[in-house]
Number of protein chains: 4
Amino acid sequence: MNEALISRNQLRLTCKGAHIVVHAAEKHAVQIGVPQCIAVTDAGGHLLAFSRMDGARIGSIEIALTKARTAATRLQRSEEVGGTNDFGKIGVALASQLKLTGMAGGVPIVVDGQVLGAVGVSSGKPDQDVAVGEAGIAALLEG
Amino acid sequence: MNEALISRNQLRLTCKGAHIVVHAAEKHAVQIGVPQCIAVTDAGGHLLAFSRMDGARIGSIEIALTKARTAATRLQRSEEVGGTNDFGKIGVALASQLKLTGMAGGVPIVVDGQVLGAVGVSSGKPDQDVAVGEAGIAALLEG
Amino acid sequence: MNEALISRNQLRLTCKGAHIVVHAAEKHAVQIGVPQCIAVTDAGGHLLAFSRMDGARIGSIEIALTKARTAATRLQRSEEVGGTNDFGKIGVALASQLKLTGMAGGVPIVVDGQVLGAVGVSSGKPDQDVAVGEAGIAALLEG
Amino acid sequence: MNEALISRNQLRLTCKGAHIVVHAAEKHAVQIGVPQCIAVTDAGGHLLAFSRMDGARIGSIEIALTKARTAATRLQRSEEVGGTNDFGKIGVALASQLKLTGMAGGVPIVVDGQVLGAVGVSSGKPDQDVAVGEAGIAALLEG
């Protein structure tokens, strides 16, 4: 086989790694007193691990999944999607058949410059959601 | 308030309980050598915890969720839904807008006669999926 | 970072590789005189390359995509999904929210034992669809 | 048959023509250093050819398809859809069941005054997406 047709040395987040992200995110959520829905996906935006903490909103489950999918498949933090313009954000959500969101709380997981997946957090305020996701990723990278 | 209008002493599965189910299910899946997608929902069929083991199929994520939702909201094992008749099973899936399935692998979590939620397992053969789910519930009940 | 939390040495199909699959599949379709819709996805079932040949059916576009997504995310040929039983196949399609199909014509692309993605072909008879997809993959592996 | 009841001499973009658009668009994307998702549809908005370049976003696949479908079936550039008013753009997306978008990056392919189809591009900035699509069409018209 012609080696130019495939790319080797790709990284993949393990199931165990995904749960470390989820549980470290939970720990941070407990510290700030905000129960959260936390989703971790692979680079294709497909779910690896999920936790809805006691007291987190059922109505935030789907949003956490969408934030994670967005950060993973757009290779950027979800709040950067659609720019700073409200219409840009709404436009991206609609044009993607609701697969993407421009809301804050989706953070890509990057190792050696590769996006391996993402964490999406929902139930708190935007800054809280982002901080909880980042705490999860920090635990993975420092683990 | 008229106490007859509300029902107290309902049971609710905690987030920690849901993760015990997931991880015990994973342990059984490792023992039988079949990586699985494992979903645990509350009584409303809403996701509490999820894990896709290394090697489990991406194409089984949605099916695990559907099996768990079915067992939780139908108060019965998913393979009992729609009876033993193939058309019955298809009919239930269609009439529920694809929210339910009659495939094996969704098992309700029952404590003191109350259905607190369910586990749904997908990636293996029907008997394997059921056994993995039951192992998860057993760990919860014995824990 | 704890190396046990990620998996290195994963393979990825390049865009060029995907087009080689598509064009070799087209060539075989011309030889057997059956214009086809041909889709190639990555391992997550996300589209990489697509071609609808002159005379291929518009109504086969979505089916080709679904067959490729199925083979990629189930790690098996699409005709193996749901077993040999009609209900099994219908049940999988419904329980997956129509993301999967048990129809023949989706073939995984496997290199060094890893599923890098899949090709899905639709417009012909089952055997023709499979043969066209296999011809595409053969060109990649021999290229 | 009454000849007045049918219209002859319609133009149709061939599969080969669609791939020329895709590959010329890819060439321009390489020149400006922005990997893109590129979709070409027929006049009915149905996919003819597609390419996701190495490094282009998975989360842009659906948007490229929506932009192309919009330009083809609205007979205009996608950024003209819904006018210059944000609500107009959102309204069109919603009223079309998310089939259309007012985002820039969808360009109709016009020959002899007939819209034969369109190209839709997504992953870059609006001007980049449009320029890549136009480069694809230019190669077709000059070919």
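Each remark here, short or long, concerns the structure printed above.
Residues numbered from 1 in each chain as written. Chains lettered and ligands numbered in written order. Predicted model: local features only at pLDDT ≥ 70, side-chain atom pairs only at ≥ 80, totals over all residues. Heavy atoms only, no water.

K.L.:
Looking at this structure, how should I read the overall build of chain A?
P.N.:
Along its length, chain A carries four helices and five strands. Reading the helices (α) and strands (β) of chain A from amino to carboxyl end gives β-α-β-β-α-α-β-β-α. Rg of the C-alpha trace for chain A: 15 Å, near the compact-globule value of 15 Å for 143 residues, within the 12% margin. For the C-alpha atoms alone, the extent of chain A along its principal axes is close to 55 × 40 × 20 Å. The burial tally for chain A puts 59% of its 143 residues in the buried class. By sequence separation, contacts in chain A at least 24 residues apart represent 64% of the contacts at least 6 residues apart. Summed over its atoms, the accessible surface of chain A is roughly 5300 Å², and 55% of this surface lies on carbon and sulfur atoms. (Helix = DSSP H or I, 4+ residues; strand = E, 2+ residues; numbered from the N terminus. Rg over C-alpha atoms; globule rule 2.2 N^0.38 Å. Buried < 20%, exposed > 50% of the residue type's maximum accessible area, 1.4 Å probe, protein only. Contact = heavy atoms within 4.5 Å. Areas by Shrake-Rupley, 256 points an atom, 1.4 Å probe, with all protein chains shown as cover.)

K.L.:
Would you mind going over helix α2 (residues 61-74) of chain C with me for this structure?
P.N.:
Counting along an α-helix, one turn takes 3.6 residues, and residues three or four places apart therefore face a common direction. Residues and elements named next belong to chain C. Look at α2: 20 Å from first C-alpha to last across 14 residues, which is about the 20 Å you get at 1.5 Å a residue. Of all the positions in α2, only Ile61, Ala64, Leu65, Thr66, Lys67, Ala68, Thr70, Ala71, Ala72, Thr73 and Arg74 are classed as buried. At the exit of α2 stands leucine 75, carrying a positive phi of roughly 60 degrees. (Expected span 1.5 Å × (residues − 1).)

K.L.:
How do you make sense of the interface of chain C and chain D when you look at a structure like this?
P.N.:
How big an interface is tends to be expressed through the accessible area that disappears when the partners come together. Each partner contributes residues to the interface: chain C has 18 residues there, and chain D has 18 residues. In this assembly, chain C packs against chain D so that about 1500 Å² is buried in total across both faces, 54% of it on carbon and sulfur atoms. Sorting the residues of chain C by area buried against chain D places Leu47, Arg52 and Asp54 of chain C first, and these three jointly supply 33% of that buried surface. Linking chain C to chain D there are four salt bridges. Arginine 52 of chain C serves as the salt-bridge partner of aspartate 42 of chain D, at 2.7 Å between the closest nitrogen and oxygen. Put simply, the parts of the chain that give the side of chain C that touches chain D at least two residues each are α1 (15-32) and β3 (47-52) of chain C. Of all the elements, β3 of chain C adds the most residues to the side of chain C that touches chain D, at six residues. Its residues assigned to classes, the side of chain C that touches chain D comprises eight nonpolar, five polar and five charged. (Buried area = accessible area lost by both parts, 1.4 Å probe. Salt bridge = Lys/Arg side-chain N within 4 Å of Asp/Glu carboxyl O. Nonpolar A, V, L, I, M, F, W, Y, C, P; charged D, E, K, R; others polar.)

K.L.:
Looking at this structure, I do not really get the pattern of salt bridges. What am I missing?
P.N.:
Here the idea is simple: oppositely charged side chains can pair when their charged atoms come close. Enumeration over the complete set of coordinates arrives at 28 salt bridges over all chains. Residue arginine 77 of chain A pairs with glutamate 134 of chain A through a salt bridge whose shortest N-O separation is 2.8 Å. With arginine 77 of chain A in the loop between α2 (61-74) and α3 (86-95) and glutamate 134 of chain A in helix α4 (residues 126-142), this pair connects stretches of sequence that are 57 residues apart. Ionic contacts of the salt-bridge type, sharing partners, join the residues Glu3 and Arg8 of chain A together with Asp112 of chain C into one network.

K.L.:
Would you mind showing me how to read unusual backbone geometry here?
P.N.:
Apart from glycine, the bulk of residues carry a negative phi angle, and the bulk of peptide bonds sit in the trans form. For asparagine 9 of chain B, which is not glycine, the phi dihedral falls at a positive 65 degrees. Looking at the secondary structure, you find asparagine 9 of chain B in the segment before α1 (15-32). The residue leucine 98 of chain C is not glycine, and still its phi comes out positive at about 70 degrees. Relative to the helices and strands, leucine 98 of chain C is located in the loop between α3 (86-95) and β4 (106-111).

K.L.:
Please clarify how the interface of chain C and chain A should be interpreted in this entry.
P.N.:
Each partner contributes to the interface: chain C provides 24 residues, whereas chain A provides 24 residues. Summing the contributions of chain C and of chain A, the shared interface buries around 2100 Å²; its carbon and sulfur component is 59%. At the surface where chain C touches chain A, the tally comes to two salt bridges. Its salt-bridge partner being aspartate 112 of chain C, residue arginine 8 of chain A comes within 3.0 Å of it at the nearest N-O pair. Counting the contacts that link chain C with chain A gives twelve residue pairs in polar contact (both at pLDDT 80 or more). When residues of the side of chain C that touches chain A are traced back to their parent elements, those giving at least two are β1 (6-13), α1 and α4 (126-142) of chain C. Residue composition of the side of chain C that touches chain A, by class: eleven nonpolar, nine polar and four charged. Sheet topology note: the strand β1 (residues 6-13) of chain A/β1 of chain C ladder contains five bridges and is antiparallel. Of the residues in β1 of chain C, the one forming a bridge with glutamine 10 of chain A is glutamine 10 of chain C. (Polar contact = N/O pair within 3.5 Å; in protein donor to acceptor, adjacent residues only side chain to side chain. Pairing = 2+ DSSP bridges.)

K.L.:
What am I meant to see in the sheet that holds strand β4 (residues 114-122) of chain D here?
P.N.:
By definition, the strands of a sheet pair up through backbone hydrogen bonds, in either a parallel or an antiparallel sense. On the basis of which strands lie adjacent, the open sheet formed by eight strands has the order β4(C)-β5(C)-β2(C)-β3(C)-β2(D)-β1(D)-β4(D)-β3(D) and antiparallel pairing. In this open sheet, the two edge strands, each paired with only one partner strand, are β4 of chain C together with β3 (106-111) of chain D. Direction aside, neighbouring strands of the sheet carry axes that sit 20 degrees apart on average. When strand β2 (residues 37-42) of chain C meets β3 of chain C, the two strands line up antiparallel, connected through five bridges. By the bridge assignment for β3 of chain C, valine 40 of chain C is matched with alanine 49 of chain C. Lying on the sheet, α1 of chain C is in contact with β2, β3, β4 and β5 (114-122) of chain C together with β2 (47-52) of chain D; it crosses β3 of chain C at an angle near 25 degrees. (Axes fitted to C-alpha atoms, helices over the stretch in contact; angles between N-to-C directions.)

K.L.:
Any chance you could explain the environment of leucine 48 of chain D here in plain terms?
P.N.:
Along the chain, leucine 48 of chain D turns up in strand β2. Here leucine 48 of chain D falls in the buried class, since its relative accessible area comes to 4%. Along the sequence, leucine 48 of chain D and aspartate 112 of chain D sit 64 residues apart, while their C-alpha atoms lie 20 Å from each other. Residues within four places of leucine 48 of chain D in sequence aside, it is in contact with Phe50, Ser51 and Arg52 of chain C together with Leu13, Ala18, Val40, Thr41 and Asp42 of chain D.

K.L.:
Would you take a moment to explain a nonpolar patch on the surface for this structure?
P.N.:
A cluster of nonpolar side chains, contributed by Met1, Leu5 and Ile6 of chain B, occupies part of the molecular surface with about 360 Å² of accessible area. For methionine 1 of chain B, the location among the structural elements is in the segment before α1. (Patch = residues over 30% accessible without salt bridge, like charges linked within 9 Å, V, L, I, M, F, W, Y side chains within 5 Å.)

K.L.:
What exactly am I supposed to notice about the sheet that holds strand β3 (residues 106-111) of chain B here?
P.N.:
What the eight strands build is an open sheet, ordered β4(A)-β5(A)-β2(A)-β3(A)-β2(B)-β1(B)-β4(B)-β3(B); its pairing is antiparallel. The open sheet is flanked by β4 (106-111) of chain A together with β3 of chain B, the only strands paired with a single partner. Strand-to-strand twist of the sheet, defined as the mean angle between neighbouring strand axes without regard to direction, takes the value 20 degrees. Sheet topology note: the strand β1 (residues 37-42) of chain B/strand β4 (residues 114-122) of chain B ladder contains six bridges and is antiparallel. In the sheet register, alanine 39 of chain B faces β4 of chain B, and the bridge partner there is glycine 120 of chain B.

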